[in-house]
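Descriptive analysis of the structure
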Amino acid sequence: RAAAAALSIVDALPPAPRIAYAVTVTEEPKASSVGFLDGAAVLAQSVRSAHKRSTYGAPAFVAFVSPRISQRTRASLRGIGFRSIEKQLPIVPDKIEGSFLRKLW
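Cut-offs and rules
- Residues numbered from 1 in each chain as written.
- Predicted model: local features only at pLDDT ≥ 70, side-chain atom pairs only at ≥ 80, totals over all residues.
- Heavy atoms only, no water.
- Helix = DSSP H or I, 4+ residues; strand = E, 2+ residues; numbered from the N terminus.
- Buried < 20%, exposed > 50% of the residue type's maximum accessible area, 1.4 Å probe, protein only.
- Contact = heavy atoms within 4.5 Å.
- Areas by Shrake-Rupley, 256 points an atom, 1.4 Å probe, with all protein chains shown as cover.
- pLDDT = per-residue confidence, 0-100.
- Pairing = 2+ DSSP bridges.
- Right-handed = clockwise from strand over helix to strand, strands pointing away.
- Core = buried A, V, L, I, M, F, W, Y, C linked by side-chain atoms within 4.5 Å.
- Axes fitted to C-alpha atoms, helices over the stretch in contact; angles between N-to-C directions.
- Phe/Tyr/Trp six-rings, centres within 6.5 Å; stacked < 30°, edge-to-face > 60°.
- Arc of directions from axis to C-beta.

**Notes on the overall build of the protein chain**
- Per the secondary structure count, the protein chain includes 4 helices and 3 strands.
- In sequence order, the secondary structure elements of the protein chain are arranged as α-β-α-β-α-β-α.
- Counting over 105 residues, the protein chain shows a buried share of 21%.
- Partitioning the intrachain contacts of the protein chain with sequence separation of at least 6 by distance along the chain shows that 54% fall at a separation of at least 24.
- Put simply, the protein chain shows about 7,800 Å² of open surface, and 60% of that area lies on carbon and sulfur atoms.

**What about the confidence of the model for the protein chain?**
- Overall, the prediction assigns the protein chain a mean pLDDT of 82, with 86% of residues at 70 or greater.
- Across the protein chain, the secondary-structure element scoring lowest on mean pLDDT is helix α1 (residues 2–12), at 58, and the one scoring highest is strand β3 (residues 83–86), at 95.

**Considering the pairing of strand β1 (residues 20–25)**
- With 6 bridges connecting them, β1 and strand β2 (residues 60–65) associate as parallel partners. Residue pairing across strands places T24 opposite F64, the latter belonging to β2.
- Between the parallel elements β1 and β2, the chain passes through helix α2 (residues 37–51) in a crossover that is right-handed.

**Some points on the nonpolar core**
- Residues V23, V25, L37, A40, A44, V47, F61, A63, V65, I69, L77 and F82 constitute the largest nonpolar core, which totals 12 residues.
- Listed by contribution, the elements that provide at least two residues to this core are β1, α2 and β2.

**Things to note about the sheet that holds β1**
- Across the sheet, 3 strands lie side by side as β1-β2-β3; this open sheet has parallel pairing. A single partner strand is all that each edge strand has here, and the edge strands are β1 and β3. Neighbouring strand axes in the sheet, compared pairwise and without regard to direction, differ in orientation by 25 degrees on average.

**Topic: the packing of aromatic side chains**
- According to the stated counting rule, one finds 2 aromatic pairs in the structure shown.
- Arranged with centres 5.3 Å apart and planes meeting at 55 degrees, the rings of F61 and F82 form a pair that is tilted. Here F82 lies in the loop between α3 (71–79) and β3 and F61 lies in strand β2, a separation of 21 residues in the sequence.
- For F61, a relative accessible area of 5% puts it in the buried group.

**So, α3**
- Within the sequence span of α3, burial applies to T73, R74 and L77. Projected onto a plane normal to the axis of α3, the buried residues spread over an arc of 100 degrees and lie on a single side. Among the exposed residues of α3, those pointing more than 90 degrees away from its buried face are Q71, R72, R78 and G79.
- Check the buried side of α3 and you find it contacts β1, α2, β2 and β3.
- Two residues or fewer past α3, G81 is found with a positive phi of approximately 105 degrees.

So, in C-alpha cells, the structure goes:
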C-alpha cells in the first residue's frame, strides 16, 4: 500500500522542466564534407553528457530548417537526435544590402 501511495504521489508531480537546444540550418552541406552536421552531433553529445548531472529532464534538440533543406539532410539531423521544424528565412534576400551577402542566400 505504501508503495502504491508513493507512486500516486509521483504520478501527480509535474514533469521535470525540459531544456531545448536549437540550431538553424539554411543551406545544404557541401558535397565534399559533412558541413555543419558534425558540429550538430558534437553539440548534441556534449549536451547529453552535461545533462547526466542535471535536475532537468532529457534535453530536446531542434533544427530550424529552411524549405530548401533536403529530406536527406533532415534525416541526418534526425539520426543525431534533432527534430526538424521548417521555417522560412527570417529575411527577404532581395532586401539585403551588398551583393556579397545577398549572393549567400
